Amino acid sequence: MKKILFSSLAVLALMLNGCGEDDLVPQVDTSNEYEKYIIENKDRTPADSTIYEWYRQYNTYFIYHFRDEDIKWQWAGKMMLDYSAFDPEKESDMKALVRHLNLIKQSFLEKYDESFLRKCLPYKIFLIKNLQQFAGGSLSWAYYPCISNGQDAMMVAYLQSNGRAYSTATMESEMSNVFGKFFYSKLDVKPVKFINSRVKVNYTLVTTPQDPNIEAELAIKPDFSNAQHYANVCGFVKAYLPTFVKEPTEEEDFADYLWFITQNRGSWIRQRTQFYKRLAQRGTYFIEFYKEQMGQDLIESQNNRFPEDPVSIDDFKFQ
């Protein structure tokens, strides 16, 4: 995260093709190479022109032309990755890259304030054709639209397993989630009040809160359909697994609230905060932390995103 002092790094270690210990540290700082390539090629293709403008706008390297070792040291560690890169010499790849950039712009960049992204985006965002990660538990490879290495880089893929581009909705959800986790891991000051308000559950399941009073609330359903009912009763925006029952990690919890407050219509937010008191309470803690520590008004961000359906701080006061 740029321009913020950090006391610790939560490293998500990933590797390509069995990196050894020597691969963990780059031998050469490639930042100047990225900058030189972006500037020298700014008029080469429409994709290069967009990348140059984003470099100037966000102070971030959006990189599609890189060496394998540039990726290997970034993601060296415990997990394996495989990917396909865009070929700068192929016209079809450059046209696909333009579509990929437009997807990133519509699903992610346009949803946050420019000054916030300039300060908080990772220095490097690798643009990949497709990306697979080895899922050790199932002993298989799975396609991912976006991952972070927990340091100062992200990879964003264009194609899913069927060869089609990821949808805007999928990219919006995945990029916001990965960015939120990356952002949280870099925070010098953690949102202590927000973290301490997490409801304790048994077996990491939101269906089994330790407090019997909260457990009783699980039976009280709203008059609208809500697959995240159990999570919302416990004060979480989302629960995980296909059954929506696994408690989110602190990083996921943080990312979920950032998405919840800034990326949804006010009427949708109110529907939930006025039924689920812990969601409203923890939302208030989150908004206060962001304003005090990050200098950003999330209510204002949501209003700018949805001027026809804004939210207010009063919507987080449970009635």
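The shown structure was predicted, so the numbers you read here are calculated from the model rather than taken from an experiment.

### Here's the deal with the overall build of the chain
Within the chain, the secondary structure is distributed over 13 helices and 8 strands. Across the 319 residues in the chain, those meeting the buried criterion constitute 51%. The long-range fraction of contacts in the chain, counting pairs at least 24 apart against all pairs at least 6 apart in sequence, stands at 72%. Of the roughly 15200 Å² that the chain leaves accessible, carbon and sulfur atoms contribute 49%.

### Brief notes about the pattern of salt bridges
Inspection of the entire model under this criterion finds 19 salt bridges. Residues R270 and D309 are paired through a salt bridge, measuring 3.4 Å at the closest nitrogen-oxygen approach. Of the two residues, R270 is situated in helix 11 (residues 266–273) and D309 in the segment after helix 13 (298–305); the sequence distance between them amounts to 39 residues. Judged by relative accessible area, which is 26%, R270 ranks as partly exposed. Note on D309: relative accessible area 11%, which makes it buried. Here the salt bridges do not stand alone but share partners, grouping E33, R67, E69 and D70 into one network.

### Topic: the nonpolar core
Counting residues in each nonpolar core, the largest one holds 88 residues, and the members touching the most others are L121, F126, L127, M155, F260, F286 and Y290. Those residues within four positions of Y290 in sequence are excluded, and the remaining contacts are F116, F183, F254, L258, G295, Q296 and L298.

### Examining the packing of helix 4 (residues 91–107) against helix 6 (residues 168–185)
Remark: helix 4 packs on helix 6, axes separated minimally by 9 Å, with the N-to-C direction vectors making an angle of 65°. In this structure, the crossing between helix 4 and helix 6 has a hand that is right-handed. Contact with helix 4, carried on its side by H100, L103, I104, Q106 and S107, involves T168, M171, E172 and M175 of helix 6 and no other residues of that element. Looking at the contact of helix 4 with helix 6 residue by residue, the classes come out as 4 nonpolar, 4 polar and 1 charged.

### So, the packing of helix 2 (residues 46–58) against helix 4
At a minimum axis separation of 8 Å, helix 2 and helix 4 run at an interaxial angle of 35°. Contacts between helix 2 and helix 4 involve P46, A47, T50, I51 and W54 from the former and M94, L97, V98, L101, I104 and K105 from the latter. Residues that form the contact of helix 2 with helix 4 fall into these classes: 9 nonpolar, 1 polar and 1 charged.

### What to know about the environment of A142
Looking at where A142 falls in the secondary structure, it is placed in strand 6 (residues 140–143). The class of A142 is partly exposed, set by a relative accessible area of 25%. Each C-alpha atom, one on A142 and one on Q132, is 5.3 Å from the other, the two residues being 10 residues apart in sequence.

### A short note on the packing of aromatic side chains
A complete count under the given rule lists 32 aromatic pairs for this structure. Taking the centre distance of 5.2 Å and the plane angle of 65° together, the rings of F194 and F286 count as edge-to-face. Taken as a pair, F194 in helix 7 (residues 192–196) and F286 in helix 12 (residues 277–294) lie far apart in primary sequence, 92 residues in all. Classification of F194 by relative accessible area gives buried; the value is 2%. A cation over an aromatic ring shows up here: K42 above the ring of Y52, its NZ or CZ 5.5 Å from the ring centre. Cation over ring: R282 sits above F194, and NZ or CZ is 4.1 Å from the ring centre.

Criteria and cut-off values
- Residues numbered from 1 in each chain as written.
- Predicted model: local features only at pLDDT ≥ 70, side-chain atom pairs only at ≥ 80, totals over all residues.
- Heavy atoms only, no water.
- Helix = DSSP H or I, 4+ residues; strand = E, 2+ residues; numbered from the N terminus.
- Buried < 20%, exposed > 50% of the residue type's maximum accessible area, 1.4 Å probe, protein only.
- Contact = heavy atoms within 4.5 Å.
- Areas by Shrake-Rupley, 256 points an atom, 1.4 Å probe, with all protein chains shown as cover.
- Salt bridge = Lys/Arg side-chain N within 4 Å of Asp/Glu carboxyl O.
- Core = buried A, V, L, I, M, F, W, Y, C linked by side-chain atoms within 4.5 Å.
- Axes fitted to C-alpha atoms, helices over the stretch in contact; angles between N-to-C directions.
- Left-handed = near helix turned anticlockwise from the far one by under 90°.
- Nonpolar A, V, L, I, M, F, W, Y, C, P; charged D, E, K, R; others polar.
- Phe/Tyr/Trp six-rings, centres within 6.5 Å; stacked < 30°, edge-to-face > 60°.
- Lys NZ or Arg CZ within 6 Å of the ring centre and 35° of its normal.

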